[in-house]
Amino acid sequence: MRIRHLDQDDVEIFRRIRLEALHREPQAFASTEADWARLSVAEWQARLAANAVFVALDGEEPVGIMGLMRQRASRMAHRATIIMVYVRRKARGSGVARQLLARLTGHARSDGIRMLELVARADNGTAIRFYEREGFHEIGRVPGGLLDGEDEIDEILMARHIDGRAAPIQTLQGAPR
């Protein structure tokens, strides 16, 4: 398995794994397959330019994806959000997600990012446990933050300092984690 940072010339790889993720795991994402399927090539390229996107490749076949969206405001530019996380079912449990996260984290550090953030569905215990094992802590909850059909699903907000010098992440209640 190798992890590759995609550039604007990698639209087809990006398009293939992103649409697969949205098709196979529609409940896992805020966007829908229809939202992305209608994008032009230029729009796919713009998304690759705006965000760091990493794929896991088994040979030439993409089996996972993870993106990084940096905050743009100058006083928040030390923070970035992990987005578009997906690993194909047959590759789950093999360490692919950990490899993607390690590569993304290294990229983030080298780009001056100090804190990684993410949002996980409250009913996705597997993802929450993975992120906790990787040093993320719950910092909040958005009640009913995601619509799944007519159902309102809570979202769990998680964060992790990656610079080694910041104070530990604390929950909204202020208790150290």
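Below: a short report on this structure. Note that the coordinates shown come from a computational prediction; the quantities given were computed from them, not determined experimentally. (Residues numbered from 1 in each chain as written. Predicted model: local features only at pLDDT ≥ 70, side-chain atom pairs only at ≥ 80, totals over all residues. Heavy atoms only, no water.)

## Some points on the pairing of strand 3 (residues 61–70)
Next, step 1: Burial analysis of strand 3 places seven of its ten residues in the buried class, which makes it a mostly covered element.
Next, step 2: Pairing geometry for strand 3 and strand 4 (residues 79–87), over six bridges, is antiparallel. Across the sheet, Gly67 pairs through a bridge with Ile83, a residue of strand 4. (Buried < 20%, exposed > 50% of the residue type's maximum accessible area, 1.4 Å probe, protein only. Helix = DSSP H or I, 4+ residues; strand = E, 2+ residues; numbered from the N terminus. Pairing = 2+ DSSP bridges.)

## What about the packing of aromatic side chains?
Next, step 1: Throughout the structure, instances matching the rule amount to five aromatic pairs.
Next, step 2: Ring geometry for Phe130 versus Tyr131: centroids 5.2 Å apart, planes at 65 degrees, classification edge-to-face. The burial state of Phe130 is the same as that of Tyr131; both residues are buried.
Next, step 3: Linked through ring pairs, Phe14, Trp36 and Trp44 together constitute an aromatic cluster. (Phe/Tyr/Trp six-rings, centres within 6.5 Å; stacked < 30°, edge-to-face > 60°.)

## A word on helix 1 (residues 11–24)
Next, step 1: Under the 1.5 Å per step criterion, the end-to-end length of helix 1 is 20 Å for 14 residues, consistent within 8% with the ideal 20 Å.
Next, step 2: Tucked into the core, helix 1 has its buried residues touching strand 1 (2–5), helix 2 (33–37), helix 3 (41–50), strand 2 (52–58), strand 3 and strand 4. (Expected span 1.5 Å × (residues − 1). Contact = heavy atoms within 4.5 Å.)

## Thoughts on the nonpolar core
Next, step 1: In this structure, Leu68, Ile82, Leu100, Leu104, Leu116 and Phe136 are the most contacted members of the largest nonpolar core, which totals 28 residues.
Next, step 2: Elements represented by at least two residues in this core include exactly strand 2, strand 3, strand 4, helix 4 (96–110), strand 5 (115–121), helix 5 (125–133) and strand 7 (151–161).
Next, step 3: Looking at which element gives the most residues to this core, the answer is helix 4, with five residues.
Next, step 4: Setting aside residues no more than four positions away along its own chain, Leu116 makes contact with Leu68, Ala80, Ile82, Leu104, Thr105, Ala108, Phe136, Met158, Ala159, Arg160 and Ile162.
Next, step 5: In terms of nonpolar packing, the next biggest core, distinct from the first, is built from 20 residues, Leu6, Phe29, Leu57 and Ile83 among them. (Core = buried A, V, L, I, M, F, W, Y, C linked by side-chain atoms within 4.5 Å.)

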